[in-house]
Amino acid sequence: AVTLADAPATWSALLAPANGQLHLIWEERRADRTLTFHRRSVDGGATWSTTAALSSSGGDDGATSAVADDKGQIHLLQVVQEAAEPVRLRYHRWDGVRWQAGPPLDLTAETVSQVVGLAAASTDGRLAAILAERARPNAKGTRPFEIVLAGIEMSSSGPGTIGTPDAPRPSPTPVAGPTAADTP
């Protein structure tokens with residue numbers, strides 16, 4: 001059995017990439033901070049590495065998603081908002097030895113609670129994040145959903161940059177995708 005920690009996990013993922021390792025990632029809320037941790041097993045879960053702290057956030061935390069790619073790398077995406085800062089999509093990559101942080105992407109949401117969904121997908125060496133955001137109120141006073149697709153450029157030296165299809169780099173801004181039917 002794996003004991004995570006004394007505090008209850010608020011989010012967790014168990015990933016089994018093609019290289020045969022197991023990766024356990026979880027978040028805990030402690031006082032006014034959310035901490036993200038990682039453990040891995042190279043023997044099918046018989047033994048586990050010591051717990052490693054991955055990230056810490058002192059603001060509001062939203063959706064989190066993790067995915068393994070075909071090279072055995074783990075990608076972690078988190079929606080966060082530190083005090084007096086914009087809502088951001090934060091990205092980390094496990095390269096087989098350590099975690100590396102990539103530059104964050106500012107989102108259009110005003111608060112993390114407006115990001116109602118986050119999913120990550122990896123195929124053919126490409127990584128994508130798909131977010132569902134509650135848009136600003138329209139003329140009818142309703143808040144439709146915006147679907148935002150963010151592509152993460154991979155590089156052998158580090159996580160690379162996060163961007164959207166039509167956004168300039170290096171500091172991209174999400175572009176609204178298809179809008180769902182207006183909802184009250």
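Residues numbered from 1 in each chain as written. Predicted model: local features only at pLDDT ≥ 70, side-chain atom pairs only at ≥ 80, totals over all residues. Heavy atoms only, no water.

## Some thoughts on the overall build of the protein
(1) Moving on: Scanning the protein from terminus to terminus reveals zero helices and 13 strands.
(2) Moving on: Along the protein, helices (α) and strands (β) appear in the sequence β-β-β-β-β-β-β-β-β-β-β-β-β when read from the amino end.
(3) Moving on: When burial is assessed residue by residue, the protein has 43% of its 184 residues classed as buried.
(4) Moving on: In the protein, the share of contacts with a sequence separation of at least 24, taken over all contacts with a separation of at least 6, comes to 40%.
(5) Moving on: Surface exposure of the protein reaches about 9200 Å², of which carbon and sulfur atoms provide 54%. (Helix = DSSP H or I, 4+ residues; strand = E, 2+ residues; numbered from the N terminus. Buried < 20%, exposed > 50% of the residue type's maximum accessible area, 1.4 Å probe, protein only. Contact = heavy atoms within 4.5 Å. Areas by Shrake-Rupley, 256 points an atom, 1.4 Å probe, with all protein chains shown as cover.)

## So, the pattern of salt bridges
(1) Moving on: Following the criterion strictly, the structure yields four salt bridges and no others.
(2) Moving on: The closest approach of N and O atoms between E85 and R88, which form a salt bridge, is 2.3 Å.
(3) Moving on: In this structure, a network of salt bridges that share partners links the residues E85, R88 and D106. (Salt bridge = Lys/Arg side-chain N within 4 Å of Asp/Glu carboxyl O.)

## Quick notes on the environment of T10
(1) Moving on: Within the secondary structure layout, T10 lies in strand β1 (residues 9-15).
(2) Moving on: Separated by 19 residues in sequence, T10 and R29 have C-alpha atoms that sit 6.9 Å apart.
(3) Moving on: Not counting the four nearest positions on each side in its chain, T10 is found in contact with E27, E28 and R29.

## Digging into the environment of A109
(1) Moving on: With respect to the helices and strands, the residue A109 is situated in the loop between β9 (105-106) and β10 (115-123).
(2) Moving on: You can call A109 buried: its relative accessible area is 7%.
(3) Moving on: For the pair A109 and V87, spaced 22 residues apart in sequence, the C-alpha separation works out to 6.3 Å.
(4) Moving on: Discounting residues that sit within four places of it in the chain, A109 has contacts with V87, Q114, V115 and E133.

## A few points about the side chain of H23
(1) Moving on: Tracing the backbone shows H23 in strand β2 (residues 22-30).
(2) Moving on: Residue classification places H23 among the buried residues on the basis of a relative accessible area of 0%.
(3) Moving on: Polar side-chain contacts of H23 include one of 3.3 Å to the side chain of Q21.
(4) Moving on: Each residue touching H23, except ones within four places of it in the same chain, is listed here: A13, L14, L15, P17, H38, R39, R40, I74 and W94. (Polar contact = N/O pair within 3.5 Å; in protein donor to acceptor, adjacent residues only side chain to side chain.)

## Focus on the packing of aromatic side chains
(1) Moving on: Across all of its chains, the model carries two aromatic pairs by this definition.
(2) Moving on: When the ring of W94 is compared with that of W99, the centres are 5.7 Å apart and the planes differ by 55°; the resulting orientation is tilted. (Phe/Tyr/Trp six-rings, centres within 6.5 Å; stacked < 30°, edge-to-face > 60°.)

## Thoughts on the sheet that holds β1
(1) Moving on: The strand order β1-β2-β3-β4 describes an open sheet built from four strands, whose pairing is antiparallel. Sheet topology places β1 and β4 (52-57) at the edges, where each strand pairs with a single neighbour. For this sheet, the mean angle separating the axes of adjacent strands, direction not counted, is 15°.
(2) Moving on: Where strand β3 (residues 33-41) lies against β4, five bridges are found, and the strand directions are antiparallel. Of the residues in β4, the one forming a bridge with F37 is A53. (Pairing = 2+ DSSP bridges. Axes fitted to C-alpha atoms, helices over the stretch in contact; angles between N-to-C directions.)

## Quick notes on the pairing of strand β5 (residues 60-68)
(1) Moving on: The sheet contact formed by β5 and strand β6 (residues 74-81) spans seven bridges and is antiparallel. Looking at β6, one finds that D61 is bridged to V80.

## Here we look at the confidence of the model for the protein
(1) Moving on: With 75% of its residues at a pLDDT of at least 70, the protein reaches an overall mean of 75.
(2) Moving on: Considering only residues more than four positions removed or in separate chains, one finds that residues 165-184, a stretch of pLDDT under 50, has 46 contacts. (pLDDT = per-residue confidence, 0-100.)

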